[in-house]
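Chain and residue survey
Here are the chains, one letter per residue:
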Amino acid sequence: MEKKSGFLVAFEGIDGSGKSTLSRLVFNALIARSIPVILTKEPGGTPAGQRIRTIVHEDVLTPQAEFLLFAADRSEHIHNVIMPALQDGKIVLSDRMADSSRAYQGYGRGIDLHLIDKVTHWVMQGIEPDLIVYCKIDAETAFKRIVQRKQELTLFEKEKTTFFERVIEGFEKIFSGKSQVLVVDATLPAEVLCAQVIAELCHRWESNV
Ligand code: TYD
């Protein structure tokens, strides 16, 4: 593994948890402080990943094919976006990373978690988030937000509440007792959450360098 010198932050949570809004606010706040930062996402952080994103949003796939597409997207993302930015010493903010596969494909779809971990470690080449921001919200509130957006729903967003309850249970299990996780109450205003994330990030980033 090549030595990294930047700082990687993953934003995780179910659809409608507000991670994308939050990660953009954090990005803008860091830019305003002249801190070197990039904002990226999974799936879709690379040109190939954009095409994969369309497939996983629109095609009904086997759970296996779905997981392997997310893993392929992640491999391209780690190699072409994350590693170069970390090596440049940047803060990298990623809207979702590997814990989404553990929660959605593992707990949501029932794919063996050991298999997910094995493939994930392989594609991530030793990279792990330095901080994970878990946007915690209940399935009902998140779904109300998705409907309010009035955009066409993706196949994931059309899943039943029971699916999202399994995904939430997954996130809770994956993150319990993990020191690099900041759990935020995603029902609070995004500006409040942004201040919490910036405080935690700056504290960890300063003790990292
Ligand atoms: P996207 O429109 O980017 O949703 P969001 O803004 O909520 O991230 O679509 C990504 C979808 O893919 C989302 O429903 C979660 C799902 N997903 C997985 O199931 N596994 C994964 O590993 C990743 C990265 C995403």
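Our structure's up above, just so we're on the same page.
A brief report on the enclosed structure follows.

A few words on the pairing of strand β1 (residues 7-12). Most of β1 sits inside the fold, with six of its six residues counted as buried. The side-chain alternation of β1 yields two buried faces, one formed by F7, V9 and F11 and the other by L8, A10 and E12. Where β1 and strand β3 (residues 91-95) come together, five bridges link them in parallel fashion. Counted as the bridge partner of V9 is L93 from β3. Pairing analysis gives four bridges linking β1 to strand β4 (residues 131-136), with the strands arranged parallel.

Take the sheet that holds β3 next. By definition, the strands of a sheet pair up through backbone hydrogen bonds, in either a parallel or an antiparallel sense. Taken in spatial order, the five strands of this open sheet run β2-β3-β1-β4-β5, and their pairing is parallel. What marks the edges here is a single partner per strand, and that holds for β2 (37-41) and β5 (181-185). Mean inter-strand twist for the sheet, computed between neighbouring axes without regard to direction, equals 20 degrees. Here helix α7 (residues 161-175) sits on the sheet and contacts β1, β4 and β5; the angle it forms with β4, its principal contact strand, is near 145 degrees.

Among the 15 residues in the neighbourhood of the ligand, the closest are listed as D15, H57, R96, S101 and Q105. Interatomic distance of 2.6 Å between a side-chain N/O atom of D15 and an oxygen atom of the ligand. In this structure, an oxygen atom belonging to the ligand sits 3.1 Å away from a side-chain N or O atom of K19. Burial of the ligand by the surrounding chains reaches 93%, relative to a free accessible area of 540 Å². The set of elements that each furnish at least two residues to the shell around the ligand consists of α1 (19-32), α2 (47-58), α3 (63-87) and α4 (98-108). Looking at which element gives the most residues to the shell around the ligand, the answer is α4, with four residues.

What follows is about the nonpolar core. Nonpolar side chains tend toward joint burial in soluble globular proteins. Formed by 58 residues in total, the largest nonpolar core has its most connected members in L22, V26, I91, L93 and L201. If sequence neighbours within four positions are ignored, L201 has contacts with F7, V9, V26, L30, I91, L93 and L131.

With that out of the way, let us pick up the pattern of salt bridges. The full count for this structure, using the stated rule, is 13 salt bridges. The salt bridge involving R74 is made with E42; its shortest N-O contact spans 2.6 Å. Taken together, the residues span a long stretch of sequence, with R74 in helix α3 and E42 in the loop between β2 and α2 at a distance of 32 residues. For the residue pair R74 and E42, the accessibility class agrees, reading buried in each case.

Helix length check: α7, at 15 residues, gives a terminal C-alpha distance of 21 Å against a target of 21 Å (1.5 Å per residue), a fit within 8%. Three or more residues of α7 are buried, namely F163, F164, V167, I168, G170, F171, I174 and F175. Buried residues of α7 fall within an arc of 155 degrees about the axis and therefore sit on the same side. Against the buried residues of α7 lie β1, α4, β4, α6 (139-148) and β5. G177 sits one or two residues past α7 and shows a positive phi near 80 degrees.

Criteria and thresholds
- Per chain, the residues get numbers from 1 upward, laid out in the order the sequence is written.
- pLDDT decides what is reported in this predicted model: residues at 70 or higher carry local features, side-chain atom pairs at 80 or more are listed and counted, and totals for whole chains, interfaces and linings draw on all residues regardless.
- The side-chain values count all of the structure's non-hydrogen atoms but skip hydrogen atoms and water molecules.
- Working definition: with a 1.4 Å probe on protein chains only, accessible area under 20% of the residue-type maximum means buried, over 50% means exposed, and in between means partly exposed.
- In this description a helix means any DSSP run of H or I spanning at least four residues, a strand means any run of E spanning at least two, and both kinds are numbered starting from the N terminus.
- In this scheme, strands are said to pair when DSSP sees at least two bridges between them.
- Lines fitted to C-alpha atoms define the axes, with helix axes restricted to the stretch in contact, and inter-axis angles between N-to-C directions lie between 0 and 180 degrees.
- Contacts were defined at the residue level, with two residues in contact if any of their heavy atoms lie within 4.5 Å.
- Residues are counted as near a molecule or strand when any one of their heavy atoms sits within 4 Å of it.
- Polar contacts, as used here, are pairs of N or O atoms within 3.5 Å; protein pairs need one atom able to donate a hydrogen and one able to accept it. Residues neighboring in sequence count only if both atoms are side-chain atoms.
- Using the Shrake-Rupley algorithm and a 1.4 Å probe, accessible areas are obtained, with residue cover drawn only from the displayed protein chains.
- The set of buried Ala, Val, Leu, Ile, Met, Phe, Trp, Tyr and Cys residues whose side-chain atoms join them within 4.5 Å is what this entry labels a nonpolar core.
- One side-chain nitrogen of Lys or Arg within 4 Å of one carboxyl oxygen of Asp or Glu is enough to make a salt bridge.
- An expected span of 1.5 Å times one less than the residue number is assigned to each helix.
- Arc definition: it is the arc formed by the directions from the helix axis to the C-beta atoms.

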